[in-house]
Amino acid sequence: MATVATLLGLELALRLADFRELREGNSERSLSYRHDAEFGWAPIPNSTSTVTNARTIHVQHNNLGLRDQEFLADGRPTIMFLGDSLVWGLDAEADERFSELLKPRLPDYRIVPAGVSGYGTDQEYLLLKRLWPTLKPAIVVLIFCTQNDREDNATNIRYEGYHKPYFTVTSDGELRSEGLPVPASRLQYIKENWWVHHLWLARLANAAYLKIRHPLIYVPDPTERLVDAMQDFVEMHGAKFMVGVQTTDVRLVHHLRSRGIPFATLDEADFYPGAAVGGHWTPKGHEYVAARLLALLEDNNAIRTEAHGVE
């Protein structure tokens, strides 16, 4: 009885203390995402949620886990936009995103926004390979988030303690995936495990275990090598590869030029100010991005001009 009383006392004390690391999360990742052993986290297919950041938006994922209508192969070539919350559309309703604005401009193409909030270039590379057999895109446009992609790519834990895969570069320049399978993160355990969800003692034990068993790791930034791997994969499958850069990253821009990868910088896109909300594009910003990306596709003869009424 003394042991039970002690445990109950500890449980009550933890609940009253309300330590931040033992609380449930309320980000877009914890609301409608689940653990994925390859990516770290992924949207729940066919899920809906309401997410508040700079503004409140409504979210619906399709059966692929993408924030888009259901994908049906209808004979039109697919343009796939690959990225993180900029593509997923944090702080934007679905019809305000640049991808949706491009659809009526390019009716002879199927536009697919393959974005997952919080992903780095490393997770986007893995997502590209998973989705390829279904989407078989003719064009892939990577949207590089200058604000945080390099940080994402250089570690195994991001944001509210979410574990993720990462890549290292071998001595002969090859990419090597690390951290697989990705362990479930603290918030995922709280959401998906009954014991951890209901008992704060279990939350404490689980948090301690994760810190000891899966500590934070930093690796040299592999961003340029990841972009190379994407280009190689896309072109090996007979498709075209391009990049949109959120704001000019001098090192990346130099590398894209050296590799002959078409790109557009998106520095002038309007965004919600403030570090706390992440600088995501406003509806006006999405309009600017749509125009810039359309010009990128046109200027590199990637699309048929008659597809959007240009004679």
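For the structure, see preceding data.
Residues numbered from 1 in each chain as written. Predicted model: local features only at pLDDT ≥ 70, side-chain atom pairs only at ≥ 80, totals over all residues. Heavy atoms only, no water.

**Observations concerning the pattern of salt bridges**
Alright, step 1. Under the counting rule described, the total for this entry stands at 19 salt bridges.
Alright, step 2. Taking the shortest distance from any N to any O, the salt bridge between Arg 76 and Asp 74 comes out at 2.9 Å.
Alright, step 3. The class for Arg 76 is partly exposed, based on a relative accessible area of 31%.
Alright, step 4. The salt bridge partner of Asp 221 is Arg 251, with a shortest N-O separation of 3.8 Å. You can see Asp 221 sitting in the loop between helix 9 (200–213) and helix 10 (223–236) and its partner Arg 251 sitting in helix 11 (residues 250–259), a full 30 residues away along the chain. (Salt bridge = Lys/Arg side-chain N within 4 Å of Asp/Glu carboxyl O. Buried < 20%, exposed > 50% of the residue type's maximum accessible area, 1.4 Å probe, protein only. Helix = DSSP H or I, 4+ residues; strand = E, 2+ residues; numbered from the N terminus.)

**Points about the packing of aromatic side chains**
Alright, step 1. In total, this model carries nine aromatic pairs according to the counting rule given.
Alright, step 2. When the centroid spacing of 5.8 Å and the interplanar angle of 65° are considered together, the rings of Phe 39 and Tyr 119 count as edge-to-face. Pair noted here: Phe 39 is in the loop between strand 1 (33–36) and strand 2 (40–43) and Tyr 119 is in the loop between strand 6 (110–115) and helix 5 (121–135), with a separation of 80 residues, a long-range link.
Alright, step 3. Judged by relative accessible area, which is 1%, Phe 39 ranks as buried.
Alright, step 4. Pairing Phe 81 with Phe 98 gives two aromatic rings, centres 5.2 Å apart and planes at 90°, and the pair type is edge-to-face. (Phe/Tyr/Trp six-rings, centres within 6.5 Å; stacked < 30°, edge-to-face > 60°.)

**Quick look at unusual backbone geometry**
Glycine aside, residues mostly have negative phi, and peptide bonds are mostly found in the trans state.
Alright, step 1. Following Leu 180, the chain continues to Pro 181 via a peptide bond in cis, the omega torsion being -5°.
Alright, step 2. Within the element layout of this structure, Pro 181 appears in the loop between strand 11 (175–178) and helix 7 (186–192).
Alright, step 3. Its identity as a non-glycine residue notwithstanding, Lys 136 has a phi of 40°, on the positive side.
Alright, step 4. Tracing the chain through its elements places Lys 136 in the loop between helix 5 and strand 7 (139–144).

**Considering the sheet that holds strand 7**
Alright, step 1. Strand order in this open sheet of five strands is 6-5-7-12-13, and the pairing throughout is parallel. Looking at strand neighbours, the two that pair on one side only are strand 6 and strand 13 (263–265), the edges of this open sheet. Neighbour-to-neighbour, the strand axes of the sheet open up by a mean angle of 15°, direction not taken into account.
Alright, step 2. Direction of pairing for strand 7 relative to strand 12 (residues 240–245): parallel, over a ladder of six bridges. (Pairing = 2+ DSSP bridges. Axes fitted to C-alpha atoms, helices over the stretch in contact; angles between N-to-C directions.)

**Looking at the side chain of Asp 84**
Alright, step 1. Within the element layout of this structure, Asp 84 appears in the loop between strand 5 (78–83) and helix 3 (85–88).
Alright, step 2. One buried charged side chain, Asp 84, makes no salt bridge at all; its nearest oppositely charged neighbour is Arg 158, positioned 8.5 Å away.
Alright, step 3. Among all residues touching Asp 84, those that are not within four sequence positions of it are Gly 115, Val 116, Ser 117, Gly 118, Tyr 119, Glu 124, Cys 145, Asn 148 and Asp 149. (Lys, Arg positive; Asp, Glu negative; His and termini not counted. Contact = heavy atoms within 4.5 Å.)

**Description of helix 12 (residues 283–299)**
Alright, step 1. Taking 1.5 Å as the rise per residue, helix 12 with 17 residues should run 24 Å; its terminal C-alpha atoms sit 24 Å apart, in good agreement.
Alright, step 2. Taken together, the buried positions of helix 12 are Gly 285, His 286, Val 289, Ala 290, Leu 293, Leu 294, Leu 296 and Leu 297.
Alright, step 3. A positive backbone phi angle near 50° is found at Asn 301, which sits one or two residues after helix 12. (Expected span 1.5 Å × (residues − 1).)

**Some words on the nonpolar core**
The nonpolar side chains of a soluble globular protein tend to be buried with one another.
Alright, step 1. With 46 residues, the main nonpolar core has Met 80, Leu 82, Leu 128, Phe 241 and Val 243 as its most contacted residues.
Alright, step 2. With seven residues, helix 5 is the single largest residue contributor to this core.
Alright, step 3. Residues contacting Leu 82, with those up to four places away along its chain left out, are Val 87, Ala 114, Glu 124, Leu 127, Leu 128, Val 141, Leu 142, Ile 143 and Met 230.
Alright, step 4. Membership of the second largest hydrophobic core comes to 26 residues, among which are Ile 139, Ile 143, Met 242 and Leu 294. (Core = buried A, V, L, I, M, F, W, Y, C linked by side-chain atoms within 4.5 Å.)

**A closer look at a nonpolar patch on the surface**
Alright, step 1. Residues Trp 194, Trp 195 and Leu 199 make up a contiguous nonpolar surface patch of about 370 Å² in total accessible area.
Alright, step 2. Examined against the element boundaries, Leu 199 turns out to sit in the loop between helix 8 (194–198) and helix 9. (Patch = residues over 30% accessible without salt bridge, like charges linked within 9 Å, V, L, I, M, F, W, Y side chains within 5 Å. Areas by Shrake-Rupley, 256 points an atom, 1.4 Å probe, with all protein chains shown as cover.)

**Description of the pairing of strand 6**
Alright, step 1. Summarising burial for strand 6: six of the six residues are buried, a large majority.
Alright, step 2. Here strand 6 shows a buried face lined by Arg 110, Val 112 and Ala 114 and a second buried face lined by Ile 111, Pro 113 and Gly 115.
Alright, step 3. Both strand 5 and strand 6 contribute to a ladder of six bridges, which runs parallel. Residue pairing in the sheet places Met 80 in a bridge with Val 112 of strand 6.

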